[in-house]
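Architecture at a glance
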Amino acid sequence: MTQEPMEGAEPMEGAEPMEATLPDPALASAVLEVEAHVGREGWDQPARLYALVDTERFVAAEPRMAEAMGIAETVVPGSLTAIEQEQYPAEQPVEQVLETIVWPPTVDGCCVVVERLVLPPEVDAEIPEDPAEAATFAREHPLRQEVRMVAGATRAGATYCALRLKAHDNEESVVDGTDLVPGLVELVLATLHDADDTGVQA
């Protein structure tokens, strides 16, 4: 599939992705939980950003919030808890937002959720070079498909992704792996650089 308009972030074709590293179970679980949560709220949603924090540390630091989230009594050692961040203006591309973020040291990872239109590889040659024209081309193409992408990463360098097609809108059809959307994963990883790097602390 060819994704429009995020360059370099197209999903890998097929249900069996090639993975260079073994997944981090805690990150994989957090990404899939976020995907399922967002999936229950339907489609046509704005991009969403989540901080991932060690659950035990989060419960100790924020007991009231943890209780409100229903996790205070069911802490799984080593697990990560996803905390949704405030939404940013819908007209601002998520790529630009991620480029401005540097998380504080208390955040162990993060994940982002975006919806995109994808096209099959056979139409690559027909896609206009102009971004606006390419977006219109994708929206109007009869072979277009809508896909939700969740890309997560940790400070240790682990990555995990989950993809759901609108045409197969159920949790059993979600495709997951460590590097399904490499361009988006790179942007997410970059937000986890030290706070001394250039950027705006989240």
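In case you missed it, the structure is sitting above this.
Residues numbered from 1 in each chain as written. Predicted model: local features only at pLDDT ≥ 70, side-chain atom pairs only at ≥ 80, totals over all residues. Heavy atoms only, no water.

Let's shift gears to the overall build of the chain. Secondary structure assignment for the chain yields six helices and nine strands. For the chain, buried positions account for 46% of its 202 residues. Accessible surface, the chain: about 10,900 Å² in total, of which carbon and sulfur atoms supply 52%. (Helix = DSSP H or I, 4+ residues; strand = E, 2+ residues; numbered from the N terminus. Buried < 20%, exposed > 50% of the residue type's maximum accessible area, 1.4 Å probe, protein only. Areas by Shrake-Rupley, 256 points an atom, 1.4 Å probe, with all protein chains shown as cover.)

Right, let's talk about the pattern of salt bridges for a bit. Applying the stated criterion across every chain yields a total of 10 salt bridges. Residue Glu84 is joined to Arg48 by a salt bridge in which the shortest nitrogen-to-oxygen separation is 2.9 Å. Here Glu84 is found in strand β3 (residues 80-84), whereas its partner Arg48 is found in strand β2 (residues 48-54), with 36 residues between them in sequence. Glu84 sits in the partly exposed class, given a relative accessible area of 32%. Arg48 sits in the buried class, given a relative accessible area of 6%. Sharing partners across several salt bridges, the network here consists of Glu35, Glu115, Arg148, Arg164 and Asp169. (Salt bridge = Lys/Arg side-chain N within 4 Å of Asp/Glu carboxyl O.)

Tallied over the full model, the rule gives zero aromatic pairs. Over the face of the ring belonging to Trp43 we find Arg148, whose NZ or CZ atom lies 4.1 Å from the ring centre. (Phe/Tyr/Trp six-rings, centres within 6.5 Å; stacked < 30°, edge-to-face > 60°. Lys NZ or Arg CZ within 6 Å of the ring centre and 35° of its normal.)

With that settled, the discussion passes to helix α1 (residues 25-39). Across its 15 residues, α1 extends 21 Å between first and last C-alpha, which sits within 8% of the 21 Å expected from 1.5 Å per residue. Buried within α1 we find Ala26, Leu27, Ala28, Ala30, Val31, Val34, Glu35, Ala36, Val38 and Gly39. N-capping of α1 is provided by Asp24, with a side-chain oxygen placed 2.9 Å from the backbone N of Ala26. (Expected span 1.5 Å × (residues − 1). Polar contact = N/O pair within 3.5 Å; in protein donor to acceptor, adjacent residues only side chain to side chain.)

What follows deals with the nonpolar core. With 34 residues, the main nonpolar core has Leu98, Trp103, Val112, Met149, Ala151, Val181 and Leu184 as its most contacted residues. Looking at this core, the elements with two or more residues in it are β2, α2 (55-61), α4 (94-99), β5 (109-119), β6 (145-154), β7 (159-165) and α6 (182-190). Dropping the residues within four chain positions of it, Leu98 is found in contact with Leu49, Val112, Leu184, Leu187, Val188 and Thr191. Ranked by size, the runner-up nonpolar core spans 17 residues in total, among them Leu27, Val34, Cys111 and Ala158. (Core = buried A, V, L, I, M, F, W, Y, C linked by side-chain atoms within 4.5 Å. Contact = heavy atoms within 4.5 Å.)

This paragraph deals with the side chain of Glu35. Of note, Glu35 is situated in helix α1. We classify Glu35 as buried; its relative accessible area is 2%. Those residues within four positions of Glu35 in sequence are excluded, and the remaining contacts are Arg148, Val150, Ala162, Arg164 and Val174.

Turning to the pairing of β7, a few remarks are in order. Summarising burial for β7: seven of the seven residues are buried, a large majority. Residues of β7 alternate between two faces, with Thr159, Cys161, Leu163 and Leu165 on one and Tyr160, Ala162 and Arg164 on the opposite face, all of them buried. In terms of strand pairing, β6 meets β7 through seven bridges, oriented antiparallel. Bridging from a neighbouring strand, Val147 pairs with Leu165 of β7. The sheet contact formed by β7 and strand β8 (residues 175-177) spans three bridges and is antiparallel. If you follow Ala162 over to β8, its bridge partner there is Asp176. (Pairing = 2+ DSSP bridges.)

What follows deals with the environment of Asp169. Among the secondary structure elements, Asp169 is positioned in the loop between β7 and β8. Along the primary structure Asp169 and Arg148 are separated by 21 residues, whereas in three dimensions their C-alpha atoms are 9.9 Å apart. Once residues within four sequence positions are removed from consideration, Asp169 is found in contact with Trp43 and Arg164. Among the polar contacts listed, one links the side chain of Asp169 to the side chain of Trp43, at a separation of 2.9 Å.

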